[in-house]
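Residue-level listing of the chains:
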Amino acid sequence: MTTTKAKVVYSPVFTDGAEFRIPTFKLLKQDGSLYKGAKAPDLDKEKALRIYRAMVTTRILDERMLAAQRQGRLSFYMQCTGEEAAVIGSTAALDDGDMIMAQYREQGSLVYRGFTIDEFMNQLFGNELDYGKGRQMPVHYGSSKLNYMTISSPLATQIPQATGYAYAQKLAGEGHCTITYFGEGAASEGDFHAALNMATVLRVPVIFLCRNNGYAISTPSTEQFAADGVAPRAYGYKMDVIRVDGNDILAVHEATKAARRLAVEHNRPVLIEAMTYRLAAHSSSDDPSGYRSKDEEAVWRDKDPILRMRLWLEGRKWWSEDDEKQLQETMRREVLETMKRAQKRPPPALDTLVSDVYDEVPPALAEQFDKLKAHIRRHPGEYPKSAEHAKGGA
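Described in the following lines is the structure provided in the data block. No experiment lies behind these values; they were computed from the predicted model shown.

**Details of the pattern of salt bridges**
Following the criterion strictly, the structure yields 25 salt bridges and no others. The partner of Glu 63 in a salt bridge is Arg 332, with the nearest N and O atoms 3.4 Å apart. With a gap of 269 residues between them, Glu 63 in helix H1 (residues 45-70) and Arg 332 in helix H10 (residues 321-344) connect regions that are remote in the sequence. Three or more residues joined by partner-sharing salt bridges are found here, namely Glu 83, Arg 105, Glu 106 and Arg 211.

Structure (structure tokens):
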């Protein structure tokens, strides 16, 4: 039984959805000017510069930390390069009290909300000041004060979690929503479909933002699905949907602002498909030259979202060459100096391995932990840093 009254026919009629062609929302050309007929967004100078600085900071952080990984100073890293507009433009359209449930390429959201370079470094190096106490891989950030749920490694688990969190927000009635980020590869997981179906049935204030960057690691989108991207799937769940140029910071911001209004004021979940491109490798363990060409990458480098916004700012006399030089120099210096400090900090105390999970450590776990400490005391040369911080001493 369907929820809508359907037309009755008396011979077989098949449809494949090809009649639904979803347009792409754009405002800003690559030269920094608006498209003819496009309305200038209501974005003041202060916020525009906050967005731009977050984009540049994210790019510099990514460049330096990938270099650190190549030098053997860091075990692993994932870059946001090329997708800064999709991530930061959408975050900037939210209220700071809204929850963010990210995948693993949304460090720009944290930069925009005020996560410091020091906080990034502590997590990346897993030192004693890391909020996760060294338990997570690098780039698995989290910040309760900034409403940014800690990253989970399993793909797409955050999508249904976002629906559940948004349901709680609806019940609380405080006017907040949840946004969850994921790639088009994650949209092929069952979690995606379960989440969208729950969201529309329960009518919760959630925004699903798919960064369609062309590749699920090495698998191009053309080999993932035959349909016109991810956006048409929203029709199957009777969900509001919009497709936006993911490299157009102004369009992303305006689309997300409108989506938030639908979610918060009307409890209508929204799917946003941001069409962008992953300029970097999937991760520091990936080599994209094995599955895409340099010519393809060059086409997208010419669509750099940071350059596009910079040209728009310069056109409004809000930014200059001197401003750019100063920002670049300041952030590069801060990243390098902060990284050196973070590397010198000791790791978390050994007892944090069994804390924060149970109110009282269970006997079996306590017994295992005692054996671990005894082992470290017998072999301090094998665990010099851990031995120094072992509860009870080495």
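**A word on the packing of aromatic side chains**
Aromatic ring pairs are reported here in terms of the distance separating the ring centres and the angle at which the planes meet. Scanning the model with the defined rule gives 10 aromatic pairs in all. With centroids separated by 4.9 Å and ring planes inclined at 85 degrees, the aromatic side chains of Phe 120 and Tyr 141 adopt a geometry described as edge-to-face. Separated by 21 residues along the polypeptide, Phe 120 in helix H4 (residues 117-125) and Tyr 141 in the loop between H4 and helix H5 (158-172) bring together distant segments of the chain. On the basis of relative accessibility, which here comes to 0%, the residue Phe 120 falls in the buried class. On the numbers, 5.4 Å between centres and 50 degrees between planes, the contact of Tyr 215 with Tyr 291 is tilted. On the criterion of sequence distance, the pair formed by Tyr 215 in strand E5 (residues 215-216) and Tyr 291 in the loop between strand E8 (270-275) and helix H8 (294-301) is long-range, its members being 76 residues apart. Both residues of the pair, Tyr 215 and Tyr 291, belong to the buried class. Grouped by ring-pair contacts, the aromatic residues Phe 115, Phe 120, Tyr 131 and Tyr 141 constitute a single cluster. The ring of Tyr 112 has Arg 50 lying over it, and the distance from NZ or CZ to the ring centre is 3.8 Å. The cationic tip of Arg 316 hangs over the ring face of Trp 318; the distance from NZ or CZ to the ring centre is 4.5 Å.

**Details of the sheet that holds strand E4 (residues 206-212)**
If you walk across this open sheet you meet the six strands as E1-E7-E8-E4-E3-E2, and the pairing is parallel. Looking at the sheet topology across the chains shown, the edges are occupied by strand E1 (24-25) and strand E2 (99-101). As defined by bridge partners, strand E3 (residues 178-183) adjoins E4 across six bridges and the pair is classed as parallel. Its bridge partner lying in E4, Tyr 181 is registered against Leu 209. Each of E2, E3, E4 and E8 is contacted by helix H2 (residues 84-91), which is oriented at about 175 degrees to E3, the strand it contacts most.

**Brief notes about a nonpolar patch on the surface**
A cluster of nonpolar side chains, namely Tyr 167, Leu 171, Met 198, Val 201 and Leu 202, defines an oily patch on the protein surface of about 460 Å² accessible area. Where the nonpolar patch is concerned, the elements lending two or more residues are H5 and helix H6 (190-202). Relative to the assigned elements, Val 201 resides in helix H6. The exposure class assigned to Val 201 is exposed, which follows from its relative accessible area of 61%.

**A word on helix H7 (residues 249-266)**
For H7, built from 18 residues, the straight-helix expectation of 26 Å at 1.5 Å per residue is met to within 8% by its first-to-last C-alpha distance of 25 Å. Among all positions of H7, only Ile 249, Leu 250, Ala 251, Val 252, His 253, Glu 254, Ala 255, Thr 256, Ala 259, Arg 260 and Ala 263 are buried. The N-cap residue of H7 is Asp 248: its side-chain oxygen and the backbone nitrogen of Leu 250 are 3.1 Å apart. Two residues or fewer past H7, Asn 267 is found with a positive phi of approximately 55 degrees.

**Considerations on the side chain of Arg 59**
In this fold, Arg 59 is placed in helix H1. Relative accessible area serves as the criterion here: at 13%, Arg 59 is assigned to the buried category.

**Some points on the packing of H4 against H10**
Taken N-terminus to C-terminus, the directions of H4 and H10 make an angle of 45 degrees; their axes are 9 Å apart at the nearest point. In terms of orientation, H4 lies oblique with respect to H10. The two elements H4 and H10 meet at a crossing, and its hand is right-handed. Facing H4, whose interface residues are Ile 117, Asp 118, Met 121, Asn 122 and Phe 125, H10 presents Met 331, Glu 334, Val 335, Thr 338, Met 339, Arg 341, Ala 342 and Gln 343. Residues that form the contact of H4 with H10 fall into these classes: seven nonpolar, three polar and three charged.

**So, the pairing of strand E7 (residues 240-245)**
Direction of pairing for E1 relative to E7: parallel, over a ladder of two bridges. Counted as the bridge partner of Phe 25 is Val 244 from E7. Here six bridges tie E7 to E8, and the two strands are oriented parallel to one another. Each residue of the ladder has a partner; that of Asp 240, found in E8, is Val 270. Regarding topology, H7 serves as the crossover connection from E7 to the parallel E8, and that connection is right-handed.

Here is what the cut-offs are and how they apply
- Note that residues are indexed from 1 along each chain, following the sequence as it is written.
- Selection of residues for local features in this predicted model requires a pLDDT of at least 70, selection of side-chain atom pairs for listing and counting requires 80 or more, and totals for whole chains, interfaces and linings are taken over all residues.
- Heavy atoms throughout the structure, all of them, feed into the side-chain values; hydrogens and water do not.
- One side-chain nitrogen of Lys or Arg within 4 Å of one carboxyl oxygen of Asp or Glu is enough to make a salt bridge.
- The secondary structure listing takes helices from DSSP runs of H or I that are at least 4 residues long and strands from runs of E that are at least 2 residues long, numbered from the N terminus.
- Within 6.5 Å between ring centres, the rings of Phe, Tyr and Trp (the latter by its six-membered ring) count as paired, and their orientation is classed by plane angle as stacked under 30 degrees, edge-to-face over 60, tilted in between.
- Only protein chains enter the area calculation, which uses a 1.4 Å probe; residues under 20% of their type maximum are buried, those over 50% are exposed, and those in between are partly exposed.
- Two conditions define a charge sitting above a ring: the NZ of Lys or the CZ of Arg must be within 6 Å of the ring centre, and it must be within 35 degrees of the ring normal.
- Whether two strands pair depends on DSSP finding at least two bridges between them.
- Residue contacts follow a heavy-atom distance rule, with two residues in contact if any of their heavy atoms lie within 4.5 Å.
- All axes are obtained by fitting lines to C-alpha atoms, using only the stretch in contact for helices, and the reported angles, taken between N-to-C directions, cover 0 to 180 degrees.
- The residues that make up patches have over 30% relative accessible area and no salt bridge, and they are joined within 9 Å when like-charged or within 5 Å when they are Val, Leu, Ile, Met, Phe, Trp or Tyr.
- Only the protein chains shown count as cover for residues, and the accessible areas themselves come from Shrake-Rupley with a 1.4 Å probe.
- Expected helix span is given by 1.5 Å per residue-to-residue step, counting one fewer step than there are residues.
- For the purposes of these results, a polar contact is taken to be a pair of N or O atoms within 3.5 Å, where, inside protein, one atom must be able to donate a hydrogen and its partner to accept one; residues adjacent in sequence count only when each atom of the pair is a side-chain atom.
- Each angle receives one of four descriptions, namely roughly parallel if under 35 degrees, roughly antiparallel if over 145, roughly perpendicular if within 65 to 115, and oblique otherwise.
- For any helix crossing, the convention is left-handed if the near helix is rotated counterclockwise from the far helix by under a right angle, and right-handed if that rotation is clockwise.
- Charged residues are taken to be Asp, Glu, Lys and Arg, nonpolar residues to be Ala, Val, Leu, Ile, Met, Phe, Trp, Tyr, Cys and Pro, and polar residues to be all remaining types, Gly included.
- When the strands point away from the viewer, a crossover counts as right-handed if the route from the first strand across the helix to the second turns clockwise.

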